[in-house]
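What follows is each chain in one-letter form.
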Amino acid sequence: MPRLSDRVGKFTDSVIRRMTRISDAKEGSINLSQGFPDFDPPKELLDRLSEVAYEGPHQYSVTFGAENFRQALAVKAGKALKRVIDPEKEIVVTCGGTEAMIAAMMTICNPGDKVMVFSPFYENYGADAILSGAEPIYIPLVPPSYTFDISLIEEGFRSGAKAIIVCNPSNPCGKVFSEEELTQIGNLALKYDAFVVTDEVYEHLVYEPYHHIAAASLPGMFDHTITCNSLSKTYSITGWRLGYLIGPENVIENAKKVHDFLTVGAAAPLQEAAVAGLTLPDSYYEDLKKMYTEKRDYFLKGLDEIGLKHNVPQGSYFVLVDIQDFLDLPQFNGWSDLEFCEWMVQNIGVAAVPGSSFFRENVNNLIRLHFARSKETLKEALSRLAKLKDLLA
Ligand code: GLN
């Protein structure tokens, strides 16, 4: 057998997506591992999708995104970025936020470049760094408040880090970065002439009193920020794989080339249909936030009633639950969080993601659950999780 890529040997498949497969293989399991909704996208998108089936387009769009999609995106994203976005020169439409992030990394990194990543982090960033030849430097987000030490970031930039990846709101810990925190990070990126690469796919899932601020909207930051985002969570269309990069013209010029050779383009009919989402009124985003706030409050209250310890997410649809009390029981002695999650699927009927897949540090006592589910499903999941507590009785 000829030798395969050493780079690919350095990372595993995604544990998040593996947990979905494990959950799907167990009949009746409730999948609270990989985050995606079990409810429909807005009707406007579905109606438009059915029209597009007959009207087209069914052939390639412009490689960096269909013109009308980019125009609608420029208007929509321009609000968060507090800027007029040039749809020709400052946007690349990608196959999901996943491609946006790897394309951003491949656009800016040379082999051996250092990139700072907060820990805990969304697992894609580890593979993205390896695939783009970069070397990650991990900056701890320290629980329970998930704050960070800015001097470590300065040290990283001083040692030559090319960029810092900021997932805001943060997956998996639900942190929403404050204006002050983003300004501190941004000032260092400016001082050391480096980039901030953001992942803002949960920008609309932010709970009061917190508010999402786009790093690129801060004074002087647009030219130093590559904003990665997606329509997946905002319009409940994770399977449509529509994402985008926004950045300064010189960066986007190169990102267009990376994207062209990676995937050529995102699905043309889906871009056409999704324009109906991008042009929805502001009330749509308010309603979305209200719906997720209710889900979060309901789910966290349920966890409290059961007596499961958890963090309180400021944004995103994830919650980290502490399983240490269970791991201390004789029947789970020496188990990893992954083994515990596999056991949960089979014996509790709820799938979670082991926390260790997000942390650089040796963390084995957390599991991640998401609450992008109908209230009935969340109710059933909670009643199953309550069985866990019986183990401690
Ligand atoms: N962001 C989602 C999660 O962490 C999954 C996204 C994906 O699988 N592409 O669960």
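Procedures and definitions
- Residues numbered from 1 in each chain as written.
- Predicted model: local features only at pLDDT ≥ 70, side-chain atom pairs only at ≥ 80, totals over all residues.
- Heavy atoms only, no water.
- Helix = DSSP H or I, 4+ residues; strand = E, 2+ residues; numbered from the N terminus.
- Rg over C-alpha atoms; globule rule 2.2 N^0.38 Å.
- Buried < 20%, exposed > 50% of the residue type's maximum accessible area, 1.4 Å probe, protein only.
- Contact = heavy atoms within 4.5 Å.
- Areas by Shrake-Rupley, 256 points an atom, 1.4 Å probe, with all protein chains shown as cover.
- Lys, Arg positive; Asp, Glu negative; His and termini not counted.
- Charge placed at Lys NZ, Arg CZ, Asp CG, Glu CD.
- Near = heavy atom within 4 Å.
- Polar contact = N/O pair within 3.5 Å; in protein donor to acceptor, adjacent residues only side chain to side chain.
- Nonpolar A, V, L, I, M, F, W, Y, C, P; charged D, E, K, R; others polar.
- Axes fitted to C-alpha atoms, helices over the stretch in contact; angles between N-to-C directions.
- Parallel < 35°, antiparallel > 145°, perpendicular 65-115°, else oblique.
- Left-handed = near helix turned anticlockwise from the far one by under 90°.
- Salt bridge = Lys/Arg side-chain N within 4 Å of Asp/Glu carboxyl O.

Details of the overall build of the protein
Thinking step 1. A tally of regular secondary structure across the protein gives 14 helices and 12 strands.
Thinking step 2. Computed over the C-alpha atoms, the radius of gyration of the protein is 21 Å, within 12% of the 21 Å expected from 2.2 N^0.38 for a compact globule of 393 residues.
Thinking step 3. Projecting the C-alpha coordinates of the protein onto the three principal axes gives extents of approximately 60 × 55 × 55 Å.
Thinking step 4. Counting every position in the protein, which comprises 393 residues, the buried fraction comes to 56%.
Thinking step 5. Partitioning the contacts of the protein with sequence separation of at least 6, the portion at a separation of at least 24 is 75%.
Thinking step 6. As displayed, the protein has an accessible area near 16,900 Å², and 53% of this comes from carbon and sulfur atoms.
Thinking step 7. Across the protein, the centroid of the 38 positively charged side chains sits 2 Å from that of the 52 negatively charged ones.

Some details on the site of the ligand
Thinking step 1. All residues adjacent to the ligand are Ile 16, Arg 17, Gln 34, Gly 35, Thr 98, Tyr 122, Asn 171, Tyr 202, Lys 233, Phe 318 and Arg 368.
Thinking step 2. Within the contact set of the ligand, an oxygen atom lies 2.8 Å away from a side-chain nitrogen or oxygen of Gln 34.
Thinking step 3. Arg 368 places a side-chain nitrogen or oxygen 2.7 Å from an oxygen atom of the ligand.
Thinking step 4. Starting from 300 Å² of accessible surface for the ligand in isolation, the protein chains cover 90%.
Thinking step 5. The residue makeup of the shell around the ligand, split by class, is 4 nonpolar, 4 polar and 3 charged.

Some words on the packing of helix 2 (residues 15-25) against helix 13 (residues 337-347)
Thinking step 1. As a packed pair, helix 2 and helix 13 sit with axes 10 Å apart at the nearest point and diverge in direction by 25 degrees. In this view, helix 2 runs roughly parallel relative to helix 13, as classed from their interaxial angle. The element helix 2 and its partner helix 13 pack so that their crossing is right-handed. Facing helix 2, whose interface residues are Val 15, Arg 18, Met 19, Ile 22 and Ser 23, helix 13 presents Leu 338, Cys 341, Glu 342 and Val 345.
Thinking step 2. Counted by class, the contact of helix 2 with helix 13 contains 6 nonpolar, 1 polar and 2 charged residues.

Focus on the pattern of salt bridges
Thinking step 1. With the rule as written, the count across this model stands at 20 salt bridges.
Thinking step 2. A salt bridge links Asp 282 to Lys 79, with the shortest nitrogen-to-oxygen separation between them at 3.4 Å. Linking Asp 282 in helix 11 (residues 282-306) with Lys 79 in helix 4 (residues 67-81), this pair joins segments that are 203 residues apart in sequence.
Thinking step 3. Taking relative accessible area as the criterion, Asp 282 reaches 43% and is therefore assigned partly exposed.
Thinking step 4. The class of Lys 79 is exposed, set by a relative accessible area of 52%.
Thinking step 5. The closest approach of N and O atoms between Arg 83 and Glu 90, which form a salt bridge, is 3.1 Å.
Thinking step 6. For Glu 90, a relative accessible area of 10% translates into the label buried.

Purely geometric numbers; function is a separate question.
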